[in-house]
Amino acid sequence: MRGKFKLQDFKKRKSENRKICALTAYDFCMAHWLGQTDIDFILVGDSAGMVVFGDENTLSVTVDDIVKFSSAVRKGSPESFIIADMPFLSYQLSSERAVENAGRLIVEGRADAVKIEGGSGVFDKIEAILKAGIAVQGHLGLTPQSVSRFGGYRVQGRSEKDAKIILEDAKKLEDLGVFSIVLEFIPYELAEIVTKSLKIPTVGIGSGSACDGQILVTNDILGLTPSGGPKFARKYADSAQTIIHAVSNFIKDVNSGSYPSEKETVRTDQEKSDGTKK
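No experiment lies behind these values; they were computed from the predicted model shown.

Caption draft 1: Summary view of the sheet that holds strand 7 (residues 202-205). On the basis of which strands lie adjacent, the closed barrel formed by eight strands has the order 1-2-3-4-5-6-7-8 and parallel pairing. Taken pair by pair, the neighbouring strands of this sheet meet at an average axis angle of 25°, ignoring direction. With four bridges connecting them, strand 4 (residues 113-117) and strand 5 (residues 136-141) associate as parallel partners. Of the residues in strand 5, the one forming a bridge with Glu 117 is His 139. In the packing of helix 4 (residues 63-76) onto the sheet, the strands contacted are strand 2 (41-44) and strand 3 (81-85), and the crossing angle to strand 3 comes to about 170°.

Caption draft 2: A look at the packing of aromatic side chains. Counted by the stated rule, this structure contains nine aromatic pairs. For the pair Tyr 26 and Phe 69, a centre-to-centre distance of 6.3 Å together with 70° between the ring planes defines the contact as edge-to-face. One end of the pair, Tyr 26, is in the loop between strand 1 (20-24) and helix 2 (28-34); the other, Phe 69, is in helix 4, and 43 residues separate them in sequence. Note on accessibility: Tyr 26 and Phe 69 belong to one class, buried. Ring centres 5.6 Å apart and planes at 55° place the aromatic pair Phe 185 and Phe 232 in the tilted group. Here the residue Phe 185 occupies a position in the loop between strand 6 (180-184) and helix 9 (188-197), and Phe 232 occupies one in the loop between helix 10 (218-221) and helix 11 (239-256), the gap between them amounting to 47 residues.

Caption draft 3: Examining the environment of Gln 241 more closely. Considering the arrangement of structural elements, one finds Gln 241 in helix 11. Here the alpha-carbon distance between Gln 241 and Leu 224, two residues 17 residues apart in the chain, equals 8.8 Å.

Caption draft 4: Molecular detail of helix 8 (residues 160-176). Compared with the 24 Å implied by 1.5 Å per residue over 17 residues, the 24 Å span of helix 8 between its first and last C-alpha is a close match. The set of residues buried in helix 8 consists of Ala 163, Ile 166, Leu 167, Asp 169, Ala 170, Leu 173, Glu 174 and Leu 176. In this structure, the buried side of helix 8 is in contact with helix 6 (123-131), strand 5, strand 6 and helix 9. Just downstream of helix 8, Gly 177 is the residue with a positive phi angle, here 120°.

Caption draft 5: Geometry of the environment of Ser 95. Its place among the elements puts Ser 95 in helix 5 (residues 95-107). Taking the C-alpha atoms as reference points, Ser 95 and Lys 125, separated by 30 residues in sequence, lie 4.7 Å from one another. Residues in contact with Ser 95, not counting those within four places in the same chain, are Asp 124, Lys 125 and Ala 128.

Caption draft 6: Representation of the pairing of strand 2 within the structure. Because side chains alternate across strand 2, one face comprises the buried residues Phe 41 and Leu 43, and the other comprises Ile 42 and Val 44, equally buried. Bridge count between strand 1 and strand 2: three bridges; the pairing is parallel. Following the sheet pairing, Thr 24 is matched in strand 2 by Leu 43. Remark: the strand 1/helix 2/strand 2 crossover connection has right-handed handedness.

Caption draft 7: Expanded view of the nonpolar core. Residues Phe 41, Ile 129 and Ile 181 are the most contacted members of the largest nonpolar core, which totals 68 residues. When residues in this core are grouped by element, the largest group, six residues, is from helix 8. Ignoring sequence-local partners within four residues, the contact set of Phe 41 consists of Phe 10, Ile 20, Cys 21, Ala 22, Leu 23, Phe 81, Ile 83, Gln 137, Val 203 and Ile 215.

Caption draft 8: Representation of the packing of helix 5 against helix 6. One way to put it is that helix 5 packs onto helix 6 with a least axis distance of 9 Å and a crossing angle of 45°. Looking at the two axes, helix 5 sits oblique to helix 6. The hand of the helix 5/helix 6 crossing is right-handed. Residues Ser 95, Ala 98, Val 99 and Ala 102 of helix 5 touch helix 6, and the partners they reach there are Asp 124, Lys 125, Ala 128 and Ile 129.

Caption draft 9: Quick look at unusual backbone geometry. Here the amide bond leading from Tyr 259 into Pro 260 is cis, since omega sits at 5°, within 30 degrees of zero. Checked against the element boundaries, Pro 260 lands in the segment after helix 11. Residues other than glycine seldom take positive phi values, yet Asn 17 does so here, at roughly 60°. Phi at Phe 185 is positive, roughly 55°, even though this residue is not glycine.

The rules behind the values
- Residues numbered from 1 in each chain as written.
- Predicted model: local features only at pLDDT ≥ 70, side-chain atom pairs only at ≥ 80, totals over all residues.
- Heavy atoms only, no water.
- Pairing = 2+ DSSP bridges.
- Helix = DSSP H or I, 4+ residues; strand = E, 2+ residues; numbered from the N terminus.
- Axes fitted to C-alpha atoms, helices over the stretch in contact; angles between N-to-C directions.
- Contact = heavy atoms within 4.5 Å.
- Phe/Tyr/Trp six-rings, centres within 6.5 Å; stacked < 30°, edge-to-face > 60°.
- Buried < 20%, exposed > 50% of the residue type's maximum accessible area, 1.4 Å probe, protein only.
- Expected span 1.5 Å × (residues − 1).
- Right-handed = clockwise from strand over helix to strand, strands pointing away.
- Core = buried A, V, L, I, M, F, W, Y, C linked by side-chain atoms within 4.5 Å.
- Parallel < 35°, antiparallel > 145°, perpendicular 65-115°, else oblique.
- Left-handed = near helix turned anticlockwise from the far one by under 90°.

Distances and angles like these do not, on their own, reveal function.
What follows is the structure in structure tokens.
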């Protein structure tokens, strides 16, 4: 395994034309297993609203939720680079509120950086957070916190006007000082133009292979999403069937009496590990 991925490695990877790989986590166990791999960074996403809470969107997730999730992820994967999502209304209302909440994710959530959705409407909030000494990752294209304004989960940047806005916003985010930008659900051609126009890396999700890296929801690639997940998320395992099979066998063994076995049963006359009687 490689050493811990660091903030300076984002630009380094782009300059070396080496891809960045990232996944999500919201709990100790998943973070632990991701930490056993060479994943570059873990996103504690507000996608938890859908993955953990079962909601239709991400809007119900709070700063307290992300703090709890991020802290658990840090415990599970102490060496990983962790980015925490700033959830809906945690930064939009004022720069002061944005800095306060970003600080909580760093101090209480023990994240290395925060991610903020949006372009020109949140430039002042991002600038304030950066001035406070907190690293920020941008997020353009389909920004799930604006799903009601978009009218659903639709590809963004199809028109020339919308594509121009995304490109201009990306350049401004780079000028402000974000270290990378997530490009979600935009056409391949636009993602390629944005990526080539920036010195900082882009991390795509549903935006094609031209991006400098890729991020997906871990539950999607493991085959754990009940709906099957988005079309752009490749399924690398059928973990749902593994779980169903394991639980079914457990039920079968309990009903047949084969579980627990003698080895899995503690008796009063058994010895402790030090040789004394229990």
